[in-house]
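Chain residues, written in single-letter form:
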Amino acid sequence: WWSNINLFQHIGKEGGIVYTVGISGETEAPVEIKNYGAGALYRRQLFRKWLFGFVMSSLKWPQDEPEDERKAVFGLGLGIEMRFGQRPEDFEAIK
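Residues numbered from 1 in each chain as written. Predicted model: local features only at pLDDT ≥ 70, side-chain atom pairs only at ≥ 80, totals over all residues. Heavy atoms only, no water.

Student: Just checking my understanding: could you explain the sheet that holds strand S3 (residues 33-45) for this structure?
Tutor: Two strands in a sheet stick together by hydrogen bonds in their backbones, pointing the same way (parallel) or opposite ways (antiparallel). If you walk across this open sheet you meet the five strands as S1-S2-S3-S4-S5, and the pairing is antiparallel. For this open sheet the edge positions go to strand S1 (2-11) and strand S5 (73-82), each flanked by a neighbour on one side alone. Each strand of the sheet is rotated relative to its neighbour by a mean of 15 degrees, with strand direction disregarded. The sheet contact formed by strand S4 (residues 51-60) and S5 spans 10 bridges and is antiparallel. Its bridge partner being in S5, Phe 54 is matched across the sheet by Gly 79. (Pairing = 2+ DSSP bridges. Helix = DSSP H or I, 4+ residues; strand = E, 2+ residues; numbered from the N terminus. Axes fitted to C-alpha atoms, helices over the stretch in contact; angles between N-to-C directions.)

Student: What exactly am I supposed to notice about the pairing of S4 here?
Tutor: Look at any regular strand and the pattern is simple: side chains alternate between the two faces of the sheet. Strand direction decides the pairing type here: S3 and S4, joined by nine bridges, are antiparallel. Along S4, the bridge assignment pairs Arg 44 with Gly 53. Connecting the antiparallel pair S3 and S4 is a turn made up of five residues.

Student: Could you clarify how one ought to interpret a nonpolar patch on the surface in this entry?
Tutor: Taken together, Ile 11, Tyr 42, Val 55, Leu 59, Phe 74, Leu 76 and Leu 78 make up a surface patch of nonpolar side chains, about 700 Å² in accessible area. Among the secondary structure elements, those contributing two or more residues to the nonpolar patch are S4 and S5. Considering every element that reaches the nonpolar patch, the biggest residue donor is S5, with three residues. Mapped onto the secondary structure, Val 55 falls in strand S4. (Patch = residues over 30% accessible without salt bridge, like charges linked within 9 Å, V, L, I, M, F, W, Y side chains within 5 Å. Areas by Shrake-Rupley, 256 points an atom, 1.4 Å probe, with all protein chains shown as cover. Salt bridge = Lys/Arg side-chain N within 4 Å of Asp/Glu carboxyl O.)

Student: Where do I start with the side chain of Gln 63 in this structure?
Tutor: Take Gln 63: it is sitting in the loop between S4 and S5. Of the polar contacts made by the side chain of Gln 63, one reaches the backbone oxygen of Pro 66; its length is 3.4 Å. Only 3.2 Å separates the side chain of Gln 63 from the side chain of Arg 70, close enough to count as a polar contact. The residues contacting Gln 63, other than those within four sequence positions of it, are Val 31, Ile 33, Lys 34, Asp 68 and Arg 70. (Polar contact = N/O pair within 3.5 Å; in protein donor to acceptor, adjacent residues only side chain to side chain. Contact = heavy atoms within 4.5 Å.)

Student: When you look at the packing of aromatic side chains in this model, what are you seeing that I'm missing?
Tutor: The description of an aromatic ring pair uses the distance of the two centres, along with the angle that the planes make with each other. All told, the structure shown has one aromatic pair when counted by the stated rule. Seen from their ring centres, Tyr 36 and Trp 61 are 5.7 Å apart, and the 25 degrees between their planes marks the pair as stacked. Pair noted here: Tyr 36 is in strand S3 and Trp 61 is in the loop between S4 and S5, with a separation of 25 residues, a long-range link. One Lys or Arg, Arg 43, reaches over the ring of Phe 52 and ends 3.9 Å from the middle of that ring. (Phe/Tyr/Trp six-rings, centres within 6.5 Å; stacked < 30°, edge-to-face > 60°. Lys NZ or Arg CZ within 6 Å of the ring centre and 35° of its normal.)

Student: For this particular structure, what's the right way to read the pattern of salt bridges?
Tutor: Side chains that carry opposite charge are capable of pairing whenever their charged atoms lie near each other. Throughout the structure, instances matching the rule amount to two salt bridges. Across the pair Glu 14 and Arg 44 runs a salt bridge, and its minimum N-O distance is 3.3 Å. With Glu 14 in the loop between S1 and strand S2 (15-25) and Arg 44 in strand S3, the pair connects residues that are 30 residues apart, well separated along the chain. The partly exposed category is assigned to Glu 14, whose relative accessible area is 38%. (Buried < 20%, exposed > 50% of the residue type's maximum accessible area, 1.4 Å probe, protein only.)

Dropping the structure here:
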């Protein structure tokens, strides 16, 4: 099982941030709460209407076995996203 709460913030015409808080686990497992944490993702339109870049970060506290101590794990990522399957005139709605 897992559960997330997301907050979306629109920034200008071409970008936005998603803030996330989440928890995941397994019912009746030795460790029922496997992971919890928070993160953020900033996404922005790049040079074309179909090209986006994003930066994401997270801070999580995983635990796989009952004897394991929860330690903070920091994550950082970069990515590029491309849209496919629509005619160029359909991208006008993205503005």
